[in-house]
Amino acid sequence: MKKIGPVKVGDDTHIDDDVVLGYPGKYHRDILLNGDKKKLALTVLGNNVLIRDKTVVYEDVVLEDDVQTGHHVLIREGCTVGSGSIVGSGTILEADCHIGRNVSIQSGVYLASGTVVKDDVFLGPRVCIINDKMMDSNIQSVTIDKGARIGANATIIAGVDVGENAIVGAGSVVTHDVKKGAKVYGVPACERK
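Computed from a prediction, not measured in an experiment: that's the story for all the values here. (Residues numbered from 1 in each chain as written. Predicted model: local features only at pLDDT ≥ 70, side-chain atom pairs only at ≥ 80, totals over all residues. Heavy atoms only, no water.)

A. Local environment of the packing of aromatic side chains. Scanning all chains against the criterion turns up one aromatic pair. Its end group placed over the ring of Tyr-58, Arg-76 keeps NZ or CZ at 4.7 Å from the ring centre. The ring of Tyr-185 has Arg-192 sitting right over it, with the charged end atom 4.3 Å from the ring centre. (Phe/Tyr/Trp six-rings, centres within 6.5 Å; stacked < 30°, edge-to-face > 60°. Lys NZ or Arg CZ within 6 Å of the ring centre and 35° of its normal.)

If you want it as structure tokens, here you go:
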């Protein structure tokens, strides 16, 4: 394990050997050159956390109790991951993502900056959440409400809210808000009975 910035580690936490903690965020790149690590924000790992090989956790991240990561995970600055959540292998959480409790993020998921995933959500393999519709830096975050289920390879477009307990079918492209309890699938995704 390599600690770059300040890190607080809870009890019974296991960190594999090839893990980087406290990596400088985008506004602190100069620290890698000049070594002034005092500017870096604290990274916090709760109790009973498991961080597997090749994971990089940036500064100013909070992983609450009982969080697990797979291998090759990237968690950028400003992210929080709630207790009991799993972040699958090859997943990327860009800056300022907020993950609730007991969330299951399967392998290869991409969450753009500012994504909010509430408690008890399931994100299938290779789900992609983007925050920019026109590739012009007009950032619009996405919210996935409590208990929603998103199938494998689904794409959620910038500015969309997926309602509580909604279901998004595998391979769907979601371009509009999904109502509470709705079932949607297709390209673009439409509500189905």
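Now that the structure has been shown, we can carry on.
B. Representation of unusual backbone geometry in the model. Cis rather than trans, the peptide bond between Val-187 and Pro-188 has omega equal to -5°. Mapped onto the elements of the fold, Pro-188 is located in the loop between strand E26 (183-185) and strand E27 (190-192). Even without being a glycine, Asp-12 presents a positive backbone phi close to 55°. Structurally, Asp-12 can be placed in the loop between strand E2 (7-9) and strand E3 (14-15). In this structure, His-72 is a non-glycine residue whose phi angle is positive, near 60°. You can see His-72 is positioned in the loop between strand E9 (68-69) and strand E10 (74-75). (Helix = DSSP H or I, 4+ residues; strand = E, 2+ residues; numbered from the N terminus.)

C. Fine view of the sheet that holds strand E14 (residues 98-99). With respect to topology, eight strands assemble into an open sheet ordered E2-E5-E8-E11-E14-E17-E20-E23, the strand pairing being parallel. What marks the edges here is a single partner per strand, and that holds for E2 and strand E23 (161-162). Relative to strand E17 (residues 116-117), E14 is paired through two bridges, and the arrangement is parallel. Looking across to E17, one finds that His-98 is bridged to Val-116. (Pairing = 2+ DSSP bridges.)

D. Structural detail: the side chain of Ser-172. Of note, Ser-172 is situated in the loop between strand E24 (167-168) and strand E25 (173-174). You can call Ser-172 buried: its relative accessible area is 0%. Dropping the residues within four chain positions of it, Ser-172 is found in contact with Asn-153, Ala-154, Thr-155, Val-184, Tyr-185, Gly-186 and Ala-189. (Buried < 20%, exposed > 50% of the residue type's maximum accessible area, 1.4 Å probe, protein only. Contact = heavy atoms within 4.5 Å.)

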